[in-house]
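Each chain is listed here by its residues.
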Amino acid sequence: MKRWILRLFTGLIVLTVALGVLIWAALATPLFSGFRKDFVADLLTEQIGQPFLIDGDVRVVLAGTTKVHVSGASIPSENITDINLARLDLLEWELDLPALLDRRIDIDNLTIDGLQVNMITKADGTTSWTKVERDEATETTSATSTEDSAPTDDLPDPSIITFLSDRTVSFTNIGLTSIDEESGFEFIFALEKILLEQLQDGQLASVTGAGTLNGEAFTWDGNFPDSAPFTNQLEFGDISLSYNGARLPDSPQGYTARLELTTGQIGDVFEVLGLARSLEGVGTLSVDVTSAPQLLTLENLQTTLDLSKGQNVTVTGDVENLFTRAGFDFHMDARLHPEGQPPADANSLKDLKLTEIHAHVVNTGERLTFEELLIQTNAFEQGLDRVGPISIGTIYRSEQKTLGLRDIALQAGPENAPYLTAEGDIGDVFNLALVDLTGHLQGAADLLLKNLPPEEVAKFGGVEADFVINDHDGDLSLRELKAQTVDTDLWTLNADVVVASIEELAGMKLDLQFGVADTAPFLTALGLKPVGISKLSTGLTLEGAAKEAKLGFDFQADGTDLTSDLTFDLSEDVNVIRGAILSNRMRLVDLREGGKILVQLSKRAKAAKAAKEAETQEADDGRPPIQPLVLEKKSSVISLKRILTETDLAITLELAEFVGDAGTSSMSSELIAKEGQIQAGPIELYYGPGFFKVTAFMDAIENPDRARIQGSTSGWDFGEILNALEVNIPARGKLSANVDVTGNITSGKAFMNSMAGSASLNMRDGAIATSLLELAGLGIFPWLFSQEFAAGQTEIVCVKAPVKINAGNVTFTRVVAETRSVQMVVRGMVDWVKNAIAIRAEPRRVGQPLARSAWPFEVNGKLTDPQFKLLVGGSRSRRADGADQMPANRKPCTPDIFQLEQASE
């Protein structure tokens, strides 16, 4: 009996030891590693509701507190191949072994290290996680189930959140990547630590954490009491977010909370969202949130943004259920300029600024739509001051880290009959950049011809156009345009424009044609005076390629025609430009009458501009004007300096027949530019008895702002010039002139005010219907018996007027007008820059420079208000060297006093 008991006891010891060894081997040795991994993986899969895979190992340490170590685990995505929803390096927890034997994991004090979670949403809506969707039939069955099964049905669905909700968990070295490919938003969390603790015997869950979000440091402090309001506080630098609330009494998984956000600098919020700092300022946001299974309600949303440049944006609204996108109702009002300081009116697309935005967003099914979206701009003259309604397909984050809008549809003009419609994308909403829009324009002609009298608008018909607007090279510009006038015989306009880049000629195409069949009704309708031209047409063409371009121009006005043909060869080191400007026939009358049209149009434009400036001044409140936010980029397509310094240019001018009042002639000239040395001319024109020849020179490298002009003219009749100036004094005489001046050519005014050099005016064989010059030089009594007094005119032998010019100041000492009896010598100065004049004229008998001048006179004071003074009593002159004898070979039109010689002994 004793032996049997001993054997039984020994067997029990051996069995216990063997069982202990077997249990130890199963929990710790590599032999049973596969069993342990499969067992733990299956149990965790059931607990979290997602496949849980273990690539490393599972070890169990039996001690006073049993601990489980899991290494190299992952949760693969069920929807996206080759992507893990989560992966971790180490997972440890304390284990309840009896619960484990019942296939339940009752764990606590989890430690998770090296966790990387990937929350990916593909462009087609596929997510890296599995969305839990309740079956309506299941919910109905659950609601009518028996009372004893109710506790089971009330259990939450398995999920990672429910798994962690009542446990103490420590996270270290955690990464979370959230990417939405459709919207482009990307959030990268790098968490140094997150600690989820169960305190007060499980009655309080506390969460503390720290890390970075898209590179910005943040901290998180949350408290979740079992039966009391919870609190959350997150800090991102100056950004502060609180999320405080309480559980719903009738829904264990539901709660209500209030979210309050203070942005600090809005630019910091942009950076956290992965956007460029497009705006600066401060903002606040508050909203009441109700959350329950399949329900997320937002109420009383209030958002205010006060931007650093004076702009203001407010958003208010509610959402019945964010999960189902039901009951969206938002209002947004944005003032995009300082209060009372709207930007200046835009004169072109590059000046376009948004001034106000008003939006009302609602949902139609699951799609958000704009019940109202109106945009106001500063493009009043262009009819684009009010744009809308607008619809937007997608809001997204662009590759340039800007907030973009995709699939936009907009219109301008009356809602039921818009004159402009467009659709496309805007990649940077806040700076109105990355724009790509195509559209159609249809409206009355006053869209182009501003300030038309209302009663005349119908006569000009309408304008239709298809266009493309974008800023692919950084400048918002019209890239394609096909336009034409319709429903009018008064005028025609056709345009076909393609601009690949305003910086390059390649891809550029321009074909512009304008015509008026009868200028009289056209000008009358514009409120202008008819002129002596009936038909008028003009055209401009340009085609650009990578290494060459062609430019053409044509003009037709009754009997005048003008064409040009220029070629640009950009394949050489120095660009080569060749071309010709040709005219088979040019009439002076057409040029004169055409000039009248230009003058009237210029006056009309200036009057409209003055009226507009007056309106602006009336509305001005004394504050400084708002400057554009973006500096304007200068185009290098047409750069005169580059053409003149970096090209080999030769353009000829040929007028085969020039028809004027005095007959017919021809003209030819040439413009040459090479290595920065430019010569224009000589331009030679014979017109009746008249002739002029002018040549211009410039060194575009050493003195790019200065030009020298040399010229001469002769054969012009003095009397015809007086008639043209409407001076009703009969006169005759042949004029000639020479000029050699240098000046600043940045503008016409700059040239006149900086001009320096010399000039001379000469006249011969003339006469004028007055004998006052004889009176001044001979005295009253000789004049009364003079031949000129009896004839009523004075024969002018010659006039010679050499002058020096220096920056608007004209000086002269030897200006002479000479008749057969009298020589008048004039000296002094005229300064049009300083508005001054000082002239002295002394008339004397020919050959008697030392005799008394009977009636000298002076003109002094302001050039705009000169004062004439007659020096009664006359004056005498003398030579300092004592010379007092006239030479035998006296020269006409040379001051006699300078011809005097010493008396011979």
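Quick summary incoming for the structure in this document. As the structure is a prediction and not an experimental result, all values here were calculated from the model. (Residues numbered from 1 in each chain as written. Predicted model: local features only at pLDDT ≥ 70, side-chain atom pairs only at ≥ 80, totals over all residues. Heavy atoms only, no water.)

1. With respect to the overall build of the chain
Each helix and strand in the chain was counted, giving 15 helices and 46 strands. Here the chain, with 905 residues, has 37% of them falling under the buried criterion. The contacts in the chain between residues at least 6 apart in sequence include a share of 44% that link residues at least 24 apart. For the chain, the computed accessible surface area is about 50,500 Å², with 57% contributed by carbon and sulfur atoms. (Helix = DSSP H or I, 4+ residues; strand = E, 2+ residues; numbered from the N terminus. Buried < 20%, exposed > 50% of the residue type's maximum accessible area, 1.4 Å probe, protein only. Contact = heavy atoms within 4.5 Å. Areas by Shrake-Rupley, 256 points an atom, 1.4 Å probe, with all protein chains shown as cover.)

2. Brief notes about the pairing of strand β23 (residues 420-428)
Pairing analysis gives six bridges linking strand β22 (residues 403-412) to β23, with the strands arranged antiparallel. Bridge pairing in β23 links Ala-412 to Leu-420. In this sheet, strand β24 (residues 433-444) lies alongside β23 in antiparallel orientation, the contact comprising eight bridges. When the bridges of β24 are listed, Ile-426 appears paired with Val-435. Once β23 ends, the chain turns through four residues before running back antiparallel as β24, passing Leu-432 with a positive phi of about 50°. (Pairing = 2+ DSSP bridges.)

3. Some words on the state of the cysteines
By the definition in use, this model includes one disulfide. Sulfur-sulfur distance for the disulfide between Cys-798 and Cys-893 comes to 1.9 Å. On the sign convention where negative is left-handed, the bridge of Cys-798 and Cys-893, at about 120° about the S-S bond, is right-handed. Remark: Cys-893 occurs in the segment after β46 (865-870) and Cys-798 occurs in strand β41 (residues 794-806); sequence separation between them is 95 residues. Taken individually, Cys-798 and Cys-893 each receive the classification buried, so the pair is uniform in this respect. (Disulfide = S-S within 2.5 Å.)

4. Some words on the pattern of salt bridges
Within the structure shown, the criterion is met by 18 salt bridges. Between Asp-590 and Arg-587 there is a salt bridge; the shortest N-O distance is 2.8 Å. What makes Asp-590 buried here is its relative accessible area of 3%. The partly exposed category is assigned to Arg-587, whose relative accessible area is 23%. With a shortest N-O distance of 2.7 Å, Arg-844 and Glu-842 are connected by a salt bridge. Judged by relative accessible area, Arg-844 falls into the buried class, the value being 8%. Where salt bridges share partners, they join Arg-840, Glu-842, Arg-844 and Glu-858 into one cluster. (Salt bridge = Lys/Arg side-chain N within 4 Å of Asp/Glu carboxyl O.)

5. A word on a nonpolar patch on the surface
Taken together, the side chains of Met-752, Trp-832, Val-833 and Leu-863 define a hydrophobic patch exposed on the protein surface, amounting to about 320 Å² of accessible area. Residue position: Trp-832 is located in the loop between β43 (822-831) and β44 (836-845). (Patch = residues over 30% accessible without salt bridge, like charges linked within 9 Å, V, L, I, M, F, W, Y side chains within 5 Å.)

6. Describing the nonpolar core
The biggest cluster of nonpolar side chains holds 50 residues, and the ones touching the most others in it are Phe-52, Ile-54, Val-70, Leu-91, Trp-93, Ile-112 and Leu-115. Here Leu-115 is in contact with Ala-86, Arg-87, Leu-88, Phe-171, Thr-172, Asn-173, Ile-174 and Gly-175, once residues within four sequence places are set aside. Ile-392, Phe-467, Leu-481 and Ala-483 belong to the second-largest nonpolar core, a separate cluster that totals 30 residues. (Core = buried A, V, L, I, M, F, W, Y, C linked by side-chain atoms within 4.5 Å.)

7. Thoughts on unusual backbone geometry
Peptide bonds are mostly trans, and most non-glycine residues show a negative phi. Phi at Asp-487 is positive, roughly 60°, even though this residue is not glycine. Here Asp-487 shows up in the loop between β26 (477-486) and β27 (492-498). Using a relative accessible area of 72% as the deciding quantity, one classes Asp-487 as exposed. Phi is positive for Cys-893, which is not a glycine, with a value near 60°.

8. Description of the environment of Asp-268
Here Asp-268 shows up in helix α7 (residues 266-272). In sequence terms Asp-268 and Val-282 are 14 residues apart; their C-alpha atoms lie 9.8 Å from each other. Filtering out sequence-adjacent residues up to four positions away, Asp-268 remains in contact with Asp-238, Ile-239 and Arg-277.

9. A short note on the environment of Ala-217
With respect to the helices, strands and loops of the structure, Ala-217 is situated in strand β10 (residues 216-225). For the pair formed by Ala-217 and Val-272, sequence separation is 55 residues and the distance between their alpha carbons is 9.6 Å. Apart from the residues within four sequence positions on either side, Ala-217 is in contact with Gly-211, Thr-212, Glu-235, Phe-236 and Gly-237.

10. Here's the deal with the pairing of β43
Counting buried residues along β43, seven of its 10 residues qualify, which places the element largely inside the surrounding structure. The pairing of strand β42 (residues 809-819) with β43 spans eight bridges and is classified as antiparallel. Note that in β43 the partner of Val-816 across the bridge is Val-825. What sits between β42 and β43 in their antiparallel hairpin is a turn of two residues. Direction of pairing for β43 relative to β44: antiparallel, over a ladder of 10 bridges. In the sheet register, Val-830 faces β44, and the bridge partner there is Ile-837. What sits between β43 and β44 in their antiparallel hairpin is a turn of four residues, with Asn-835 showing a positive phi close to 55°.

11. Let's talk about the environment of Gly-461
Position of Gly-461 among the secondary structure elements: in the loop between β24 and β25 (462-470). On the basis of relative accessible area, Gly-461 is assigned to the buried category, the value being 12%. Once the C-alpha coordinates of Gly-461 and Gly-443 are considered, the two residues, 18 residues apart in sequence, prove to be 8.8 Å apart. Contacts of Gly-461, omitting those with residues within four sequence positions, involve Ala-444, Ala-445, Val-486, Asp-487 and Thr-488.

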